Amino acid sequence: MSIDLSQFKQTFIEESDEGLDVLESGLLALDSGTADDEVIHAVFRAAHSIKGGAGTFSLNEIANFTHVMETLLDEMRDGRRAISKEAINLLLNSVDVLRELMAAARDDVTPSMARADEVKQQLDALLAQSDDEPTEPATKEETLAPVPERTQSGWQINFRPHEHMLKTGNDTLRMFKELASLGDMETTCDVSMVPEFALMDPELSYLSWSIRLMSNEQIGSIDKALIEEIFEWVEDDCDLSIEPLDAQIATADRVQRAETGSATSTVTPDAIKPVSPEETSIVSTTASKTIPKKKKLSTETGSIRVGTDKVDSLINMVGELVITQSMLSQMGDEFSMDKLEDLREGLAQLERNTRELQESVMRIRMLPISFSFQRFPRLVHDLSQKLSKKIELKMTGEQTELDKTVMEKIGDPMVHLVRNSLDHGIELPEVRRAAGKDEIGIINLNAYHQGGFIIIEISDDGAGLPKDKLLAKAIEKGLVSPDEELADEKIYDLIFHPGFSTADQVSDISGRGVGMDVVRKNIKELGGKVGVSTEPGKGTTFTIRLPLTLAILDGQLVRVGNETYIIPLVSIIESLEIETSNINSIAGMTEVYKMRDDYIPLVRLYEVFDVQPQTTRLQDCLLVVVEGDGGKAGIVVDDLLSQQQVVIKSLETNYKRLPGISGATILGDGTVALILDMSGLLALAKEVEPVKYYA
Amino acid sequence: MSKSILAVDDSTSMRQMVAFTLKGAGYQVTEAADGQQALDIAKTRGFDLVLSDVNMPVMDGIALIKQLRTLPNYKFTPILMLTTEAGTSKKMEGKSAGATGWIVKPFNPDQLLNTVKRVLG
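This structure is a prediction, so every number in the text was calculated from the model and none was measured.

1. Comments concerning the overall build of chain B
So, step 1. Scanning chain B for helices and strands turns up five helices and five strands.
So, step 2. Scanning chain B from its N terminus toward the C terminus, one meets helices and strands in the order β-α-β-α-β-α-β-α-β-α.
So, step 3. A buried classification covers 59% of the 121 residues belonging to chain B.
So, step 4. Residue pairs in contact within chain B that sit at least 24 positions apart in sequence constitute 61% of those at least 6 positions apart.
So, step 5. By element, 52% of the accessible surface of chain B is carried by carbon and sulfur atoms, the whole surface being about 4500 Å².

Given below as structure tokens:
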């Protein structure tokens, strides 16, 4: 029977990802000296499981690589080896290598072994430094190639189980059955040791056997190894001898075996020699040649692990829903007007059930943000070493939950902000000392819920943003005119402007000037915001505000003619009645509206979407002031309807992508309403009226 | 009645593989993710065979075997350890804890079935 193991490979890779996280965070804890015994055990166990699984699922590169790590960890666990910084760093590198190998396994491509081989050599070299005797004698077993020992006639087996043998669950009857399958068996049982009945303990074994196992013509000669295998588990629980019936042949055999045995045992363990650069490059080129094995597409189906409590509560709610439904249907069968009150109550209950069910289902997609936070200890560890800074990372609110999709997308922007804090925020130890601060800088990650949003704060106690430098740079780049008076917040906000970097020297950690604007853009795409506040000499805080989920949105329903559209509440600044005296035209084409000191372009929704409005007279319309990519605009609508939570249905999957529209939803009365995408809408409006909006 | 097996491993993929293989061969399989879970299950019913990983969190395989052997209906139940080749000393430790035998990791489904058949007949 052959079983396809690939179906378990995916599970294995997923759980190995978790194992690698355990490995990494454990190693970091060991490095900072905050670890107890349990940590090194957990780390060892993680490596051990990965190795075992990798072997089983034929991921041999991973199994071989992890074996070396495991050996090293085993020595550390047993106290045979000190936990040195060197070893930890090497093991951390190994984790990275394993991640690469796992990724290759996931995509079913041939992994590039160049880095793996390099790190493996370093591991081997470190292991070779061991001051006590060479490590595992266990491999000897494998190197001794068993020479089949056979006889033509058969074997004489003397078998005397120790008293307790049965208590190991080994059954003599089973062993005899197996022996009998090898050839013709004659047994003589010795009952002399059986005590008097009164003294007999039925759980003990008192018998011993003398067995003649003879090869018959159908099966052929009997391999001694097969007999030994049957008794393998009880070797230490019995007196056993296996002698050939015709002694001569066997003796010759045994001599031969002894010779080969000594020959193999002199084989030296794998020589540890550094591979020359040429060799490594050969490895990498051959590897890259084999890679074009096509990357498997759409393995990104993605699965999530859900706590059983969440599933239980879901089942519970469905149960309640079913009860309500059956109650209502019963009521419908024999309805009369006097039951109206009951019906109302039933419907209210149905609404409650539905809402709870919806919330529970949403919760399934919610994961604690620790999944996203957990990569930062490693990042901070590596970068602070590289930058010779002393930095402590503090994390709070790790249990704050967030939609999985949002979490995946917020990872990179967060990494960028943390790198930024490390690189630009926290000062070098001597600078900090001079400023009267503690040498060790602190980076704080914090997350909490606020309304339907999650707030993530990344703060450092570094030097703060250099206001004057920012302003000078902005003037130099022509973003700000020299005589312009800017509020502090506006100056700090400049760092999110495309192509803006004040780093004197571009480092490879941050500061290529392609970061902060991308961070802001990515966060905006998630319907969120990012802001910065800073205090010179005290530090900087970045605050990210994100909707908890992408599946539901708080929307303002607006009406244009017979159509209903939805504007995301996050993008609305205010809504107002239009004063015609505030309307101006630029170049006789574009209309702008004077709102306090601002001029904002007007977007007539009915023109953009070509629908029949109730009126085109602006004084009868309402203006919704929104903020899109790069500026404000006023959206002209007939009427404001209610505000409500709407479930977002993708247009792309159901129809196709449309500019200016981010999705659709189904309203309570069953009609479909389109959800407006502000950035896209403003861009679209520019096309409808090809005159430049923004002065 | 088909024979019942308790499969204990903290690694989901290994456990699934073991369970899938054995179920395919007609055995009834109950799964447990660590020694403590296995012990809790074992206290409620008997099995014809226990297959247990050694390295596990909460309660490891050796401790599980020791505990199982103190239960009246597990005195003679075959218990096999799933262990890696490096663990020669583990084998002995397991034996003295009361293990019947072992299956060496990595193993393939055929090897697993052969060994289980050997024990269960």
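2. Some remarks on the pairing of strand E14 (residues 552-560) of chain A
For a regular strand, side-chain orientation follows a simple rule: the groups alternate between the two sheet faces.
Residues and elements named next belong to chain A.
So, step 1. Here E14 lies mainly inside the structure; seven of its nine residues are buried.
So, step 2. Sheet analysis places E14 next to strand E22 (residues 639-647), joined by seven bridges and oriented antiparallel. Its bridge partner being in E22, Leu 553 is matched across the sheet by Val 646.
So, step 3. In this structure, E14 lies alongside strand E15 (residues 563-568), joined through six bridges in antiparallel fashion. Bridging across to E15, Arg 559 finds its partner in Thr 564.
So, step 4. In this antiparallel pair of consecutive strands, E14 and E15, the connection spans two residues, and Gly 561 shows a positive phi of 60 degrees.

3. Thoughts on the pairing of strand E3 (residues 49-53) of chain B
All names here are of chain B.
So, step 1. With five of five residues buried, E3 lies mostly within the body of the structure.
So, step 2. The alternating pattern of E3 places Leu 49, Leu 51 and Asp 53 and Val 50 and Ser 52 on opposite faces, both of which are buried.
So, step 3. In this structure, E3 lies alongside strand E4 (residues 79-84), joined through four bridges in parallel fashion. Across the sheet, the residue bridging to Asp 53 is Leu 82, located in E4.
So, step 4. Once the chain exits E3 it traverses helix H3 (residues 61-70) before rejoining the sheet at E4, and the crossover so formed is right-handed.

4. Digging into the pattern of salt bridges
Residue and element names in this part refer to chain A.
So, step 1. Going through the model one piece at a time under the given rule, you end up with 47 salt bridges over all chains.
So, step 2. Here Arg 106 ties to Asp 17 by a salt bridge, and the two come within 3.2 Å at their closest N and O atoms. Taken as a pair, Arg 106 in helix H4 (residues 85-107) and Asp 17 in helix H1 (residues 6-32) lie far apart in primary sequence, 89 residues in all.
So, step 3. With a relative accessible area of 25%, Arg 106 lands in the partly exposed category.
So, step 4. According to the relative accessible area criterion, Asp 17 is partly exposed, its value standing at 24%.
So, step 5. Salt bridges here are not isolated pairs; linked through shared partners, they connect Asp 21, Glu 24, Asp 96, Arg 99, Glu 100, Arg 115, Arg 378 and Asp 382.

5. A short note on helix H19 (residues 516-525) of chain A
All names here are of chain A.
So, step 1. Among the residues of H19, those classed as buried are Met 516, Asp 517, Val 519, Arg 520 and Ile 523. Looking straight down H19, one finds that the buried residues subtend no more than 160 degrees of arc, so they occupy a single side.
So, step 2. The elements touched by buried residues of H19 are helix H15 (404-425), helix H18 (488-493), strand E12 (529-535) and strand E13 (539-547).
So, step 3. Immediately downstream of H19, the backbone of Gly 527 shows phi near 75 degrees, a positive value.

6. Notes on the sheet that holds strand E16 (residues 572-577) of chain A
Residue and element names in this part refer to chain A.
So, step 1. Spatially, the six strands line up as an open sheet ordered E16-E20-E21-E19-E18-E17, and their pairing is mixed. Either end of the sheet is taken by a strand with one partner, and the two such strands are E16 and strand E17 (583-586). On average, adjacent strands in this sheet sit at an angle of 35 degrees to one another, irrespective of strand direction.
So, step 2. Two strands pair when backbone bridges link them, and strand E20 (residues 622-628) and strand E21 (residues 631-637) are joined in this way by seven bridges, in the antiparallel orientation. Within E21, the residue paired with Val 625 across the bridge is Gly 634.

7. Examining the interface of chain A and chain B
So, step 1. Taken together, the contacts link 40 residues of chain A with 39 residues of chain B.
So, step 2. With both sides pooled, the region where chain A packs onto chain B buries about 3400 Å², and carbon together with sulfur makes up 56% of that total.
So, step 3. Linking chain A with chain B are four salt bridges.
So, step 4. As a salt-bridge pair, Glu203(A) and Lys75(B) come within 2.7 Å of each other at their nearest N and O atoms.
So, step 5. There are 15 residue pairs in polar contact (both at pLDDT 80 or more) connecting chain A and chain B.
So, step 6. Elements with a contribution of two residues or more to the side of chain A that touches chain B: H1, helix H2 (37-56), helix H6 (140-143), helix H7 (172-180) and helix H8 (224-231) of chain A.

8. Some points on unusual backbone geometry
So, step 1. Pro106(B) follows Lys105(B) through a cis peptide bond whose omega is -10 degrees.
So, step 2. Mapped onto the elements of the fold, Pro106(B) is located in the loop between strand E5 (101-105) and helix H5 (109-120).
So, step 3. At Ser58(A), a residue that is not glycine, the phi angle is positive and equals roughly 60 degrees.
So, step 4. Of note, Ser58(A) is situated in the loop between H2 and helix H3 (60-77).
So, step 5. A relative accessible area of 52% places Ser58(A) in the exposed class.

9. Examining the packing of H1(A) against helix H14 (residues 376-386) of chain A
All names here are of chain A.
So, step 1. Following both chains from N to C, one finds H1 and H14 inclined at 45 degrees, their axes separated by 9 Å at the closest point. Compared by their axis directions, H1 and H14 come out oblique. When you trace H1 past H14, the crossing you get is left-handed. Of the residues in H14, those touching H1 at Glu 24, Leu 28 and Asp 31 are Pro 377, Arg 378 and His 381.
So, step 2. Of the residues contributing to the contact of H1 with H14, the split by class is two nonpolar, one polar and three charged.

10. So, the environment of Asn522(A)
So, step 1. In this structure, Asn522(A) sits in helix H19.
So, step 2. Through-space distance from the C-alpha of Asn522(A) to that of Ile410(A) is 7.8 Å; in sequence the pair is 112 residues apart.

11. Remarks on the environment of Ile572(A)
Residues and elements named next belong to chain A.
So, step 1. Inspection of the secondary structure assignment puts Ile 572 in strand E16.
So, step 2. Relative accessible area serves as the criterion here: at 18%, Ile 572 is assigned to the buried category.
So, step 3. Considering only alpha carbons, one finds Ile 572 and Gly 628, 56 residues apart in sequence, at a separation of 9.2 Å.
So, step 4. Setting aside residues no more than four positions away along its own chain, Ile 572 makes contact with Gln 556, Ile 567, Val 624, Val 625 and Val 626.

12. Some points on the packing of H4(A) against H14(A)
The description of two helices packed together rests on the angle between their axes and the distance between the axes.
Residues and elements named next belong to chain A.
So, step 1. Across the interface, H4 lies against H14 with an axial gap of 13 Å and an inter-helix angle of 125 degrees. Comparing the axis directions of H4 and H14 gives the class oblique. The two elements H4 and H14 meet at a crossing, and its hand is left-handed. On the side of H4, the interface is formed by Lys 85, Asn 89, Leu 92, Asn 93 and Asp 96, while H14 contributes Arg 378, His 381 and Gln 385.
So, step 2. Its residues assigned to classes, the contact of H4 with H14 shows one nonpolar, four polar and three charged.

13. Here we look at the side chain of Lys310(A)
All names here are of chain A.
So, step 1. Its place among the elements puts Lys 310 in helix H11 (residues 308-333).
So, step 2. Looking at Lys 310, its side chain comes within polar contact range of the main-chain oxygen of Arg 363, at 3.2 Å.
So, step 3. If sequence neighbours within four positions are ignored, Lys 310 has contacts with Arg 363, Ile 364, Met 366 and Glu 401.

14. Considering the nonpolar core
So, step 1. Of all hydrophobic cores here, the largest spans 86 residues; its most connected members are Leu23(A), Leu22(B) and Leu51(B).
So, step 2. For Leu23(A), the residues in contact, after removing those within four places along its chain, are Val43(A), Ala46(A), Ala47(A), Ile50(A), Met69(A), Leu73(A) and Val95(A).

15. Topic: the confidence of the model for chain A
Do not read the predicted coordinates in detail wherever pLDDT is low.
Residue and element names in this part refer to chain A.
So, step 1. Per-chain confidence: chain A averages 79 in pLDDT, with 84% of residues scoring 70 or above.
So, step 2. No element of chain A has a lower mean pLDDT than helix H10 (residues 277-290), which averages 41, and none a higher one than E15, which averages 92.
So, step 3. In the model, residues 509-513 has pLDDT below 50 throughout and makes 15 contacts with residues more than four positions away in sequence or in other chains.

The rules we used
- Residues numbered from 1 in each chain as written.
- Chains lettered and ligands numbered in written order.
- Predicted model: local features only at pLDDT ≥ 70, side-chain atom pairs only at ≥ 80, totals over all residues.
- Heavy atoms only, no water.
- Helix = DSSP H or I, 4+ residues; strand = E, 2+ residues; numbered from the N terminus.
- Buried < 20%, exposed > 50% of the residue type's maximum accessible area, 1.4 Å probe, protein only.
- Contact = heavy atoms within 4.5 Å.
- Areas by Shrake-Rupley, 256 points an atom, 1.4 Å probe, with all protein chains shown as cover.
- Pairing = 2+ DSSP bridges.
- Right-handed = clockwise from strand over helix to strand, strands pointing away.
- Salt bridge = Lys/Arg side-chain N within 4 Å of Asp/Glu carboxyl O.
- Arc of directions from axis to C-beta.
- Axes fitted to C-alpha atoms, helices over the stretch in contact; angles between N-to-C directions.
- Buried area = accessible area lost by both parts, 1.4 Å probe.
- Polar contact = N/O pair within 3.5 Å; in protein donor to acceptor, adjacent residues only side chain to side chain.
- Parallel < 35°, antiparallel > 145°, perpendicular 65-115°, else oblique.
- Left-handed = near helix turned anticlockwise from the far one by under 90°.
- Nonpolar A, V, L, I, M, F, W, Y, C, P; charged D, E, K, R; others polar.
- Core = buried A, V, L, I, M, F, W, Y, C linked by side-chain atoms within 4.5 Å.
- pLDDT = per-residue confidence, 0-100.

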